[in-house]
Amino acid sequence: MKDRIEALTASFGASLAEVADLDALEALRVEYLGKRGHLTELMKGLRDVADKKAAGQLINSFKVDVEAKIAERETALYEEAINAQIRRAKKYNPTLTFPREMGSYHPITLATREVEAIFESMGFTIENYAEIVGDYECFEALNIPKHHPARDMQDTYYLENGQLLKTHTSAAQNAIMKKYGAPLRAIFPGRCFRNESTDACHENTFFQMEGMMIDENISISNLIYFMKTMLSEVFNRDVKVRLRPGFFPFVEPGFELDINCEICGGDGCPSCKNSGWLELCPCGMIHPNVLREGGIDTEKYTGFAFGLGLTRLAMMRYGIKDIRDFNSGSLKALSQFKSI
Ligand code: PHE
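Residues numbered from 1 in each chain as written. Predicted model: local features only at pLDDT ≥ 70, side-chain atom pairs only at ≥ 80, totals over all residues. Heavy atoms only, no water.

A. Layout of a positive patch on the surface. Among the surface-exposed residues, Lys-35, Arg-36, Lys-44 and Arg-47 lie close enough to one another that they form a single positively charged patch. Here Lys-44 is to be found in helix H3 (residues 38–45). (Patch = residues over 30% accessible without salt bridge, like charges linked within 9 Å, V, L, I, M, F, W, Y side chains within 5 Å. Areas by Shrake-Rupley, 256 points an atom, 1.4 Å probe, with all protein chains shown as cover. Salt bridge = Lys/Arg side-chain N within 4 Å of Asp/Glu carboxyl O. Lys, Arg positive; Asp, Glu negative; His and termini not counted. Charge placed at Lys NZ, Arg CZ, Asp CG, Glu CD. Helix = DSSP H or I, 4+ residues; strand = E, 2+ residues; numbered from the N terminus.)

Below you can see the structure in the form of structure tokens.
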């Protein structure tokens with residue numbers, strides 16, 4: 001067995017030195033590691049060996065060695081191929097084709113852009129905001145004083161310096177009110193963090209899209225109109241929604257807007273906790289304390305705010321059953337979205 005492995009190692013080294021492109025490398029990989037390759041043949045040979053443990057170890061280190069050398073060569077060849085293309089291209093060429101698969105946009109990026117375009121067409125500006133914020137932005141400016149029990153709903157990651165990872169995009173409300181004053185229409189997508197235990201519909205890192213509209217005579221019917229318009233554009237049809245009362249200290253009245261689960265069609269499945277409905281968009285009329293804290297004249301203006309669950313929306317939009325797939329980094333799963 002030992003001799004055979006040594007011979008194979010030598011012949012592999014010789015063949016590898018001659019490999020000139022990725023196709024040849026793939027052929028070599030199949031020859032050694034493929035189903036009917038030399039590795040399989042070695043494994044079969046184990047049957048006739050007395051010291052199976054020692055032989056098994058030898059085979060394993062042969063396998064690890066071959067795999068590592070192939071991976072190393074693959075990276076080198078890949079870089080060579082790209083560099084050759086770059087050298088050939090006289091100037092920047094956006095259509096540069098890569099020898100292997102290209103990346104694709106993440107479904108959350110696609111969903112974000114789609115929703116942004118819809119709100120933009122309705123006169124909303126798009127704002128960006130930090131992921132690390134202070135207690136003031138995330139809680140106090142939102143009518144959640146220290147020791148308020150509502151803080152328990154958002155299991156927060158605190159940093160050693162007293163700042164925290166924002167638990168919701170509402171953390172940007174105050175700064176945006178101060179930046180623009182009233183009237184104001186803005187949406188602000190962002191990554192949020194909560195110390196949640198994960199399952200098919202919960203993650204410790206997820207995306208929301210906050211929206212605010214502040215003007216004279218804004219009421220809950222404006223809110224419902226904007227949400228329904230957005231959802232029917234995203235799903236290309238009239239979407240069933242339901243409003244339930246919901247409690248958030250920064251809105252009064254507050255609601256939970258649920259949409260019919262697109263994955264099971266409302267029959268109940270793990271993605272919707274078997275209820276047929278998915279909580280998609282908590283919302284409500286902005287609490288006067290919050291408006292005042294943002295410097296808005298509450299005698300003149302009212303407004304609504306919503307916190308659209310972008311991750312949930314992307315799940316519904318693309319039929320993704322498990323929220324954890326978004327962060328899995330599995331290129332195979334994510335590459336399906338290339339053509340969308
Ligand atoms: N920020 C709230 C949350 O994530 C959602 C929300 C936003 C509720 C805006 C009402 C208005 O829990």
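Next comes the rest of the description.
B. Looking closely at the packing of H3 against helix H4 (residues 52–88). Two elements in contact, H3 and H4, have axes whose closest approach is 10 Å; the angle formed by their N-to-C orientations is 175°. Accordingly, the angle class assigned to the pair H3 and H4 is roughly antiparallel. Counted together, Leu-39, Leu-42 and Met-43 of H3 and Ile-59, Phe-62 and Lys-63 of H4 form the full contact between these two elements. Classifying every residue of the contact of H3 with H4 by side-chain character gives five nonpolar, no polar and one charged. (Axes fitted to C-alpha atoms, helices over the stretch in contact; angles between N-to-C directions. Parallel < 35°, antiparallel > 145°, perpendicular 65-115°, else oblique. Contact = heavy atoms within 4.5 Å. Nonpolar A, V, L, I, M, F, W, Y, C, P; charged D, E, K, R; others polar.)

C. Region of interest: the layout of surface pockets. Estimates place the volume of the largest pocket at around 840 Å³. Together, 42 residues line the largest pocket, and Arg-194, Glu-256, Glu-279, Pro-282 and Arg-312 are the ones closest to its centre. Looking at the lining of the largest pocket, the elements that each hand over two or more residues are strand S5 (205–215), strand S6 (241–245), strand S7 (251–260), strand S8 (277–286), strand S9 (302–309) and helix H10 (310–318). Class assignment for the residues of the lining of the largest pocket results in 20 nonpolar, 11 polar and 11 charged. (1 Å grid on protein atoms, 1.4 Å probe; cavity = no way out; pocket = protein on both sides within 12 Å on 5 of 7 lines; lining within 4 Å. Points joined across faces, edges and corners; volume = space filled by probe spheres on them.)

D. The arrangement of the nonpolar core in detail. Ranked by size, the top nonpolar core spans 35 residues in total, and within it Val-115, Phe-119, Met-230, Leu-231, Phe-306, Leu-308 and Leu-313 carry the most contacts. The set of elements that each furnish at least two residues to this core consists of helix H5 (107–121), S5, helix H8 (220–235), S7, S8, S9 and H10. At seven residues, H8 tops the list of elements feeding residues into this core. Once you skip the residues sitting within four places of it in the chain, Leu-313 turns out to touch Val-115, Leu-231, Val-234, Phe-235, Leu-280 and Leu-308. The next biggest cluster of nonpolar side chains, apart from the first, holds 25 residues, and it includes Val-133, Ile-144, Ala-172 and Met-177. (Core = buried A, V, L, I, M, F, W, Y, C linked by side-chain atoms within 4.5 Å. Buried < 20%, exposed > 50% of the residue type's maximum accessible area, 1.4 Å probe, protein only.)

E. Structural context of the site of the ligand. In the region of the ligand, 14 residues are neighbours, and His-168, Ser-170, Arg-194, Gln-208 and Gly-307 sit closest. The separation between an oxygen atom of the ligand and a polar side-chain atom of Gln-154 is 3.5 Å. Interatomic distance of 2.7 Å between a side-chain N/O atom of Ser-170 and a nitrogen atom of the ligand. Relative to its unbound accessible area of 330 Å², the ligand is 96% covered by the protein chains. A molecule is said to occupy a pocket when more than half its atoms come within 2 Å of that pocket's grid points, and by this definition the ligand occupies the largest pocket. If you tally residues by element for the shell around the ligand, the top one is S9, at three residues. (Near = heavy atom within 4 Å. Polar contact = N/O pair within 3.5 Å; in protein donor to acceptor, adjacent residues only side chain to side chain. Sits in = over half its atoms within 2 Å of the grid points.)

F. Focus on the domain arrangement of the protein chain. Assigned domains of the protein chain: these are domain 1 (2–88) and domain 2 (125–337). Centre-to-centre separation of domain 1 and domain 2, based on C-alpha positions: 51 Å. (Domains from an automatic or database assignment.)

G. Just H3, in detail. Taken residue by residue, H3 has His-38, Leu-39 and Leu-42 as its buried positions. Viewed end-on, H3 has its buried residues packed into an arc of 100°, placing them on one side of the element. Considering only its buried residues, H3 is in contact with helix H1 (2–18), helix H2 (22–33) and H4. (Arc of directions from axis to C-beta.)

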